[in-house]
Amino acid sequence: MKKNILRLGIIILVLLILGVLWLNNDIEQKKKDEANKNTIAISADPSLLSDDDPNYERWGKVFPEQLDMYLKVEKEKPQATEFGGNLAYSKLIRFPQLTILWAGYPFSIDANEERGHFWVQIDQMKTARNNKDFLNAHGFKAFKGQPTACMNCHSGWTPWLIKNVAKEDFVAFNSTNYWTMMKNIPAANGIIENSPQHAGAHGGKRMGVTCADCHNPSDMSLRITRQAAINALVARGYEKDSIQGIKASREEMRTLVCSQCHVEYYFKPTGEKVKVMGESIADDSSKKWWDGTQKTYDEYEFWRDGNKAKEIQTNGIILTFPWDDWKKGQPFRIEMFDEYYDKIRTIFGADFIHKLTEAPIIKIQHPESELYSGGVHALNGVSCADCHMPYIREGAKKISQHNITSPLRDINSACKACHKQSENELRDQVKDIQNIVASEQRTAEYALVSFIMDIKKLREKLGTMEQFQIDNKPDETKISTELKDILELHRKSQMRVDFVNAENSTGFHNPREASRIIFQAIDMARMGQAKLLEIANANNIKDFQISNLGFEDIQKLNPGELYYKVDVNAHKAGERYYENEKDVNINPPEELLKEDKNLSPYNYKFIDKK
């Protein structure tokens with residue numbers, strides 16, 4: 001009996017010792033993991049890491065696992081999801097209402113589903129929105145070409161170009177023509193100048209987001225490298241920092257590094273001329289645009305045919321985030337954009353004038369940071385990286401997932417560190433939120449398109465009346481004055497519709513705020529239609545009726561895939577614009593259209609069954 005008690009005591013003691021050793025090891029491992037969060041031990045040659053060469057393949061020699069994750073999207077088969085994915089189908093085919101919402105703006109002819117960080121510069125260089133000759137030949141005769149400001153978020157070469165080409169002049173960098181700046185990306189790390197590799201994505205001109213955009217090469221700590229983000233965060237109440245851009249905790253930085261690009265922005269005119277790099281092709285009378293006018297730059301990424309750099313003057317612009325009314329520690333509210341853009345109207349009145357209504361429109365870009373700020377995850381200290389770059393195990397290593405994608409692709413790593421429900425329950429909850437927000441969004445878009453079409457109709461009717469004419473033609477200025485309040489409702493309703501449309505979570509980052517914004521958009525559109533009736537009655541237009549377009553009506557606006565309508569630059573009329581990219585600008589999967597058809601009005605029998 002005593003032997004058994006002694007044996008049991010020894011077993012318990014051994015278990016206690018093992019437990020203490022396990023606990024100690026677990027604590028030590030967590031301490032190491034925590035240390036790794038702040039300073040990653042570099043096992044390879046640290047001299048490979050430098051801001052002089054941001055090529056991610058060079059940095060990948062030090063961090064091969066992270067590079068393999070990042071490059072996964074390059075070769076994997078593109079897949080669409082209900083509200084995202086990486087299949088670059090045409091958004092204009094899936095959502096034809098966008099052709100009306102963006103009428104008069106290049107997005108109305110070319111807008112595809114995003115493919116991920118690897119593709120951002122490739123897609124920027126290829127899009128018709130960056131092709132002056134194509135746009136000028138297809139209804140955008142005033143388009144002068146995109147500025148380098150567009151490269152701030154698309155190219156990992158941006159900090160290098162600001163330092164070495166723009167000589168630290170951020171205004172000059174932004175104000176230079178896009179294609180001119182592209183010509184200055186160096187052939188680094190053994191790449192041969194003007195070779196296919198120099199034009200490519202792996203360290204060349206088409207290289208997108210890189211390790212250096214978010215990490216300091218000396219210790220891999222997080223940093224903000226984009227000047228526009230630093231300027232905006234300082235305006236919100238942060239303090240500048242010479243090492244990481246602004247002073248913030250590491251947990252804050254795990255969101256703020258994403259806020260360098262996942263934000264609303266605009267190109268603010270400085271009101272002054274600035275000296276920038278131009279191209280000597282402007283002096284060659286044999287070089288003409290499609291319409292026969294003198295070329296001012298070459299839409300090509302290399303210097304060729306004797307074309308070379310020359311100094312010119314142009315109007316200055318600076319990439320700016322409209323955050324002055326959004327202070328540090330506050331959740332963002334859409335009214336902050338109203339207040340901001342109203343205050344600067346004399347400097348920047350609109351991104352474009354709507355072709356059908358003449359309303360001055362602000363085109364909202366991917367405002368993930370703004371919407372997320374007031375959501376339940378942000379309020380509980382969850383960062384962007386916690387969900388989109390969760391920690392995973394690679395053998396004995398604990399590393400951050402660098403195939404930056406939807407958390408739904410790895411719910412176990414991204415969500416279950418905090419949530420205890422099953423993966424299916426979590427997935428269903430996310431989809432339910434997104435379905436509801438998407439239903440509200442489609443309703444708002446249909447209401448806004450109906451409103452736009454009604455404004456167009458009333459403009460035409462007023463234009464036939466003598467009191468709204470000059471020289472027997474419609475006086476558009478006088479008509480716009482009559483419709484002043486209407487055009488304001490269009491502007492602010494569209495800002496809200498655009499906000500939720502451009503924000504890439506389909507409302508999940510903050511469902512309550514997304515719904516609040518959408519309901520404001522619907523209210524403004526319907527209020528505008530009521531005011532149109534009042535104006536029609538006041539001008540004795542008795543037959544004016546308002547519209548109420550739905551899914552089937554909207555589908556009649558489908559523009560199809562993008563084709564050349566005229567011969568341009570060796571391309572023939574009828575040729576597909578994305579002729580060499582079979583997975584870009586294509587029709588969306590049929591099941592997505594079925595989904596959309598059943599969202600507004602909400603068909604719970606279809607949605608719940610699915």
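Small disclaimer: the values here were computed from a predicted structure and weren't measured.

Caption draft 1: View of helix H21 (residues 511–538). Look at H21: 41 Å from first C-alpha to last across 28 residues, which is about the 40 Å you get at 1.5 Å a residue. At the exit of H21 stands Asn 540, carrying a positive phi of roughly 60°.

Caption draft 2: The pairing of strand E11 (residues 397–400), seen in detail. By the bridge criterion, 4 bridges tie strand E10 (residues 391–394) to E11 in an arrangement that is antiparallel. Each bridged residue has a counterpart across the sheet, and for Tyr 391 the counterpart in E11 is Ser 400. Between the antiparallel neighbours E10 and E11 lie 2 residues, among them Gly 395 with a positive phi of about 65°.

Caption draft 3: View of the packing of helix H13 (residues 335–343) against helix H20 (residues 484–502). Contact geometry of H13 with H20 gives a least axis separation of 11 Å together with a crossing angle of 130°. When the axes of H13 and H20 are compared, the pair comes out oblique. At the point where H13 passes H20, the crossing takes the right-handed sense. Residues Glu 335, Phe 337, Asp 338, Tyr 341 and Asp 342 of H13 touch H20, and the partners they reach there are Arg 491, Lys 492, Met 495, Arg 496 and Phe 499.

Caption draft 4: Representation of the nonpolar core in the model. With 111 residues, the main nonpolar core has Phe 118, Ile 246, Phe 337, Tyr 341, Leu 458, Leu 483 and Phe 499 as its most contacted residues. Element by element, the count of residues in this core is highest for helix H18 (residues 423–463), at 12 residues. If we ignore the near neighbours within four places in the chain, the residues touching Ile 246 are Ile 224, Ile 230, Leu 233, Val 234, Tyr 238, Glu 239, Lys 240, Asp 241, Met 253 and Leu 256.

Caption draft 5: Fine view of a negative patch on the surface. The grouping of Glu 425, Asp 428, Asp 432 and Asp 608 at the surface amounts to a negative patch. It is H18 that provides the largest number of residues to the negative patch, a total of 3 residues. Of the residues examined, Glu 425 reaches a relative accessible area of 46% and is grouped as partly exposed.

Caption draft 6: Representation of the environment of Gly 203 in the model. Within the secondary structure layout, Gly 203 lies in the loop between helix H10 (178–182) and helix H11 (227–236). Overall, the relative accessible area of 1% leaves Gly 203 in the buried class. The spatial distance from the C-alpha of Gly 203 to the C-alpha of Tyr 105 is 32 Å, given a sequence separation of 98 residues. Not counting chain neighbours up to four residues away, the residues in contact with Gly 203 comprise Asn 55, Trp 157 and Ile 191.

Caption draft 7: Main features of the packing of aromatic side chains. Counted under the stated rule, the structure contains 26 aromatic pairs. With 5.7 Å between their ring centres and 75° between their planes, Trp 326 and Phe 332 make a pair best called edge-to-face. This pair shows no difference in class: Trp 326 is buried, exactly as Phe 332 is. Between the aromatic rings of Tyr 564 and Tyr 577, the centroid separation amounts to 5.7 Å while the plane-to-plane angle is 35°, which identifies the pairing as tilted.

Procedures and definitions
Residues numbered from 1 in each chain as written. Predicted model: local features only at pLDDT ≥ 70, side-chain atom pairs only at ≥ 80, totals over all residues. Heavy atoms only, no water. Helix = DSSP H or I, 4+ residues; strand = E, 2+ residues; numbered from the N terminus. Expected span 1.5 Å × (residues − 1). Pairing = 2+ DSSP bridges. Axes fitted to C-alpha atoms, helices over the stretch in contact; angles between N-to-C directions. Parallel < 35°, antiparallel > 145°, perpendicular 65-115°, else oblique. Left-handed = near helix turned anticlockwise from the far one by under 90°. Contact = heavy atoms within 4.5 Å. Core = buried A, V, L, I, M, F, W, Y, C linked by side-chain atoms within 4.5 Å. Buried < 20%, exposed > 50% of the residue type's maximum accessible area, 1.4 Å probe, protein only. Patch = residues over 30% accessible without salt bridge, like charges linked within 9 Å, V, L, I, M, F, W, Y side chains within 5 Å. Areas by Shrake-Rupley, 256 points an atom, 1.4 Å probe, with all protein chains shown as cover. Salt bridge = Lys/Arg side-chain N within 4 Å of Asp/Glu carboxyl O. Lys, Arg positive; Asp, Glu negative; His and termini not counted. Charge placed at Lys NZ, Arg CZ, Asp CG, Glu CD. Phe/Tyr/Trp six-rings, centres within 6.5 Å; stacked < 30°, edge-to-face > 60°.

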